[in-house]
Amino acid sequence: QVQLVESGGGLVQAGGSLRLSCAASGSTFTIGSMGWYRQAPGKQRELVAGITRSGTTNYADSVKGRFTISRDNAKTMVYLQMNSLRPEDTAVYYCNAKHYLGSMDYWGQGTQVTVSS
């Protein structure tokens, strides 16, 4: 089993920045790719950014150029640097890790990001 714990959320003004962190523990040897998802009230959970085992990244169009995902494999951490935040970025952000075989997903508890206008 894998446990994921997010941190770094909070309340920021539009145009500000936050850095989210996700720490993985447990059977971390089973983790393949990792990523960040977000869910706003009344909306579907959506992929924000992902990073593969090889370091390839992908981003939602809405955050491209503003957010950067990175991974510290040695420390089993993944980060999301969020710059130029907009009110529409307000959501609960969830860390995700995929089993290396792709058979299941692990999720963190979520961290609230609120961007005020």
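Structural data are supplied above this passage.
About the cut-offs
Residues numbered from 1 in each chain as written. Predicted model: local features only at pLDDT ≥ 70, side-chain atom pairs only at ≥ 80, totals over all residues. Heavy atoms only, no water. Helix = DSSP H or I, 4+ residues; strand = E, 2+ residues; numbered from the N terminus. Rg over C-alpha atoms; globule rule 2.2 N^0.38 Å. Buried < 20%, exposed > 50% of the residue type's maximum accessible area, 1.4 Å probe, protein only. Contact = heavy atoms within 4.5 Å. Lys, Arg positive; Asp, Glu negative; His and termini not counted. Charge placed at Lys NZ, Arg CZ, Asp CG, Glu CD. Disulfide = S-S within 2.5 Å. Pairing = 2+ DSSP bridges. Axes fitted to C-alpha atoms, helices over the stretch in contact; angles between N-to-C directions. Core = buried A, V, L, I, M, F, W, Y, C linked by side-chain atoms within 4.5 Å. Salt bridge = Lys/Arg side-chain N within 4 Å of Asp/Glu carboxyl O.

**A closer look at the overall build of the chain**
- The secondary structure content of the chain amounts to 0 helices and 11 strands.
- Ordered by position in the sequence, the α and β elements of the chain form the string β-β-β-β-β-β-β-β-β-β-β.
- Against the compact-globule benchmark of 13 Å for 117 residues, the chain has a radius of gyration of 13 Å, which places it among compact chains.
- Taken along the three principal axes of its C-alpha coordinates, the chain extends 40 × 25 × 20 Å.
- When each of the 117 residues of the chain is scored for burial, the buried share is 43%.
- Within the chain, contacts between residues at least 6 apart in sequence are counted, and of these 54% link residues at least 24 apart.
- Taking the 11 positively charged and 7 negatively charged side chains of the chain as two groups, their mean positions are separated by 3 Å.

**Brief notes about the state of the cysteines**
- A full pass over the atoms with the stated rule returns 1 disulfide.
- Across a sulfur-sulfur distance of 2.0 Å, Cys 22 and Cys 95 are joined as a disulfide pair. The chirality of the disulfide connecting Cys 22 with Cys 95 is left-handed, given an S-S dihedral of about -85°. Of this pair, Cys 22 sits in strand 3 (residues 18-26) while Cys 95 is found in strand 9 (residues 91-99), placing the two residues 73 residues apart along the sequence.
- When its relative accessible area of 0% is taken as the criterion, Cys 22 is described as buried.
- By relative accessible area, Cys 95 is classed as buried at 0%.

**Brief notes about the sheet that holds strand 8 (residues 77-82)**
- The strand order 1-3-8-7 describes an open sheet built from 4 strands, whose pairing is antiparallel. Each edge of the open sheet carries a strand with a single partner, namely strand 1 (2-7) and strand 7 (67-72). Strand-to-strand twist in this sheet, taken as the mean axis angle between neighbours without regard to direction, amounts to 15°.
- Summarising the sheet, strand 7 and strand 8 pair through 6 bridges and their orientation is antiparallel. For Thr 68, the partnering residue across the bridge sits in strand 8 and is Gln 81.

**A word on the nonpolar core**
- In this structure, Leu 4, Met 34, Trp 36, Leu 80 and Tyr 93 are the most contacted members of the largest nonpolar core, which totals 30 residues.
- Put simply, the parts of the chain that give this core at least two residues each are strand 1, strand 3, strand 4 (31-39), strand 5 (46-51), strand 7, strand 8, strand 9 and strand 11 (111-116).
- If near-sequence neighbours (up to four positions away) are discounted, Met 34 is found in contact with Leu 4, Cys 22, Ala 24, Gly 50, Ile 51, Ile 69, Arg 71, Val 78, Cys 95, Asn 96 and Ala 97.

**Quick look at the pattern of salt bridges**
- The tally for this structure, following the rule as stated, stands at 5 salt bridges.
- The salt bridge partner of Asp 61 is Lys 64, with a shortest N-O separation of 3.2 Å. Each member of the pair, Asp 61 together with Lys 64, is exposed.
- One salt bridge connects Arg 66 with Asp 89, and the closest N-O pair in it is separated by 2.8 Å. Placement of Arg 66 in the loop between strand 6 (57-59) and strand 7 and of Asp 89 in the loop between strand 8 and strand 9 is noted, with a sequence separation of 23 residues between them. Summarising the burial analysis for this pair, Arg 66 and Asp 89 share the class buried.
- Look at the salt bridges and you will find they share partners, linking Arg 38, Glu 46, Arg 66 and Asp 89 into a network.

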